[in-house]
Structures are given as C-alpha cells and as structure tokens.
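Overview (structure and organization)
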Amino acid sequence: MSGSALRALVIAHSNIALAKYWGKADVAQNLPAVPSLSLTLDNLRTATRVTFDPALKADVASLDGAPAQGRPLERVTTLLDRVRALSKQELFARVESVNDFPTAAGLASSASGFAALGLAATRAIGLRLSPGQISSLARASSASAARSLFGGYAMLDRDAHEAEAVASGRHLPLVMLVAVTASGPKAVSSTQGMTHTASTSPYYAAWVEHAPRVFDEVKRAVLAGDFDALGRAAEHSALMMHASMIAANPAIMYFAPASVAVIARVRELRNQGRTAYITMDAGPHVKVLTRPELAQHVEAALLAVPGVQRIIACEAGPDAYLLDPEMDVQTALAQTSEHDTARHTPESRK
Ligand code: DP6
C-alpha cells in the first residue's frame, strides 16, 4: 500500500447544545453525567485531512496552519492510537485541520475537530465503521464531538457511548446567531471546568439531578416543532449549567461584559414580542436562537450591542462528510463555505 493512498479529507460542522452536557459520569472513558441535545450548524466548519505515512516516526499535526504541540497534539495522538488499535496497523499520521471560526473560545472547535478527525482517520486507514461507532470514537476525545457526526438535531444520552440523530434541521427551522463578543482563547477548558465544578460546586449535584428534566423538555419541543418551548428550555439549560459553575470555588465565569449586554438585549427583544432566546457555552460568546423570519431584525439589534464584534448567522448543518482527499484543506473549507452559503442563505440574508 502506498502512503499517499492512506488519506481522507472530511468536513465536519460544529454543534451547539440546546440541552447542555456538563460533567462526566466516568472520567477515564469520558462518558457524560447528563444527557445533551444539540443542533449542528451550517456556518461553523472544520476541514481535516489525515494521511498515514510509513515515512513518519511520530504523529504530526497542524491546527489552523500552526504546528500542534503539547496537550492539543496529545489529544490528536490519543484518538489516532485508538484507530491504530482498531485497525491493527502501526503507521503514524500527518493531520491538517482548519476551522472557519475562532477556535478554543466557546465555539466548540473540539466538537467539529474530533468528529472530523474520527471520520478522516478511520477512512484513511481503511476502516469502515458505522456513524455510531465513529461517534463513539469522537466522544472518547470530546463528548460534544459525538454529536457532530450527525446533521440537524442530535443527542448524546447520559452514560452513552455514541450520539444519535433526533430530527433533521427542517423539522424545526431556526436561526442561531452567534454573537462573537471577545477574541482570544478561553481561560478554562471545558474539560477542566467540568471537573472543577464537579469537585467544588455545591450546585453540581442539583445540576445533575435537574438536567435530565430540562433535556426532556428540549427533546419534546424539538419533536413537537415548538420553537418557544425549545427556546425557553434551552435558555434554562444554559443558565442552570452556568449557575453550577459560578458556584464552584473559585468560580468559573465565562461571562464578559458584552455577554451580559447581549443577554439583556435579548430579554428586551422578548418583552417587545420578538421571540429570541440565548444559550452560552465555555466562552464569552452568546448564541441567540430566533425564528428565521425574525433573524434579520434580531441580528441588527445584536450588532448594535457594545462589545459585539460580529455575528455568525447559522442554520442547521449536515452530517460530517468526505471530500476528495487530494484537495488542499483551506480550499476545501472555502469551497464548502461558498457552496453552503449559496445553498442555505435565506433571501433575507443574501
Ligand atoms: C459547554 O465536549 O468540550 O459546550 O468531553 O471534556 O472534551 P470534553 O468536553 P466538551 O464540553 C462541551 C461543554 C459545552 C456543552 C455541550 O456542548 O454540551
């Protein structure tokens, strides 16, 4: 087998949880303590190419054009080790991965990154696993990544190894406006943040107890196509998760002044009858859910909030998929973005 044949290029889309995962039932296996449900997004993408090469003496990786070292490289190698064990091959790999959004700042780059890496690595080495098996492989590296193998609405149950599709994006169309409120990497990674919350927050037990109920509300709302019920439950899930972190000692606080200002603006919009709801992850950006027909108005209102740098408007995105492995990763990302924009952008946003 020639080295150049052992390659695959994948596009995976990030996802934002509407019912949040925060906390592990099993740290060693990375199994979640609570069920989660997310929407995979069209405009947050990762392109990853994996090439297994007999000439390499160790795995090498570049992330957004810079060589990966330390913890990020270790996380890549750990996933590749699992793929080597499954395929009974000992080749090392070259990994090239690029995102079209800010990484490691609460925009779930690990979700799309490990979903893309899982699919690309298994295909490159010649394994044909089911989406569920690849989801399980991605979950072991980052639990939110399990959900990014699937387009539309996907869930990862408590203690589950693999995510599953819940409904297509068309089942309940919505627009998620990502208000980018600050640049730079986040201070506390989600993995560290959840371990610290579990060991020091008196509210962690309450979060684990109540999260499944809010998850049920989110799932019911998605299946019923009820936007308002979904928005209310999603906002509750996010704020309950953040409350458990704020009660940790010392507190974990991802809110920047602009995050709070966006939340206040969304509450005002709601009081004026414009239905919009927020969710927020392990970073200062606020994601605002709204109905497609209100998206333009809500987007303008958010752009006017001091501290909001830009808005990434997203709708439901597709399953992770393979592209021609000989393409350059940047080109793959750019072409896909143009293609998706042309395909998805509603008339109101063109
Ligand atoms: C707040 O999946 O990044 O985005 O499994 O430790 O890698 P690890 O954590 P990660 O956590 C995501 C947390 C969240 C909520 C969510 O996506 O459900």
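Treat the numbers as computed from the prediction; the structure is a model and nothing was measured. (Residues numbered from 1 in each chain as written. Predicted model: local features only at pLDDT ≥ 70, side-chain atom pairs only at ≥ 80, totals over all residues. Heavy atoms only, no water.)

**Topic: the environment of Asp157**
Just so we agree on the cut-off: Working definition: helices are DSSP H or I runs of at least four residues, strands are E runs of at least two. Numbering for both runs from the N terminus. In what follows, residue pairs with any heavy atoms lying within 4.5 Å of each other are defined as contacts.
Structurally, Asp157 is set in the loop between strand 8 (153-156) and strand 9 (164-167). For Asp157 and Ala33, which are 124 residues apart along the polypeptide, the C-alpha to C-alpha distance reads 8.8 Å. Setting aside anything within four residues of it in sequence, one finds Asp157 in contact with Pro32 and Pro35.

**What about the packing of helix 7 (residues 257-271) against helix 8 (residues 295-303)?**
We apply this condition: Fitted lines through C-alpha atoms give the axes, limited to the stretch in contact for helices. The angle between two N-to-C directions lies from 0 to 180 degrees. Any angle between 65 and 115 degrees counts as roughly perpendicular, while under 35 counts as roughly parallel, over 145 as roughly antiparallel, and the rest as oblique. When the near helix sits turned anticlockwise from the far one by under a right angle, the crossing is termed left-handed; a clockwise turn instead gives a right-handed crossing. In this classification, the charged set is Asp, Glu, Lys and Arg, the nonpolar set is Ala, Val, Leu, Ile, Met, Phe, Trp, Tyr, Cys and Pro, and all remaining amino acids, among them Gly, are polar.
Running from amino to carboxyl end, helix 7 crosses helix 8 at an angle of 140°, the nearest separation of the two axes being 10 Å. Judged by the inter-axis angle, helix 7 sits oblique to helix 8. For the pair helix 7 and helix 8, the sense of crossing is right-handed. When helix 7 is examined against helix 8, the residues Val262, Arg265, Val266 and Leu269 are found in contact with a partner set consisting of His297, Val298, Ala301 and Leu302. Partitioned by chemical class, the residues of the contact of helix 7 with helix 8 number six nonpolar, one polar and one charged.

**Brief notes about unusual backbone geometry**
Note the cut-off: Relative accessibility thresholds used throughout: buried, under 20% of the residue-type maximum; exposed, over 50%; partly exposed, between the two (1.4 Å probe, protein chains only).
Each neighbour pair has its own omega, and for Asn249 with Pro250 the value is -5°, a cis peptide bond. Take Pro250: it is sitting in the loop between helix 6 (227-246) and helix 7. With a phi angle near 55°, Asn30 is a residue other than glycine that sits in the positive phi range. Mapped onto the elements of the fold, Asn30 is located in the loop between strand 2 (24-26) and strand 3 (31-32). Exposure remark for Asn30: the relative accessible area of 7% places this residue in the buried category.

**Side note on the sheet that holds strand 13 (residues 310-314)**
Across a sheet, strands are paired by hydrogen bonds formed along the backbone, either parallel or antiparallel in direction. Heads up, the condition is: DSSP calls a pair of strands paired once it identifies at least 2 bridges connecting them.
Strand order in the open sheet formed by four strands is 11-12-10-13, and the pairing between neighbours is antiparallel. Each edge of the open sheet is held by one strand with a lone partner, namely strand 11 (276-280) and strand 13. Averaged over all pairs of adjacent strands, the angle between strand axes in this sheet comes to 25°, irrespective of strand direction. With five bridges connecting them, strand 10 (residues 175-180) and strand 13 associate as antiparallel partners.

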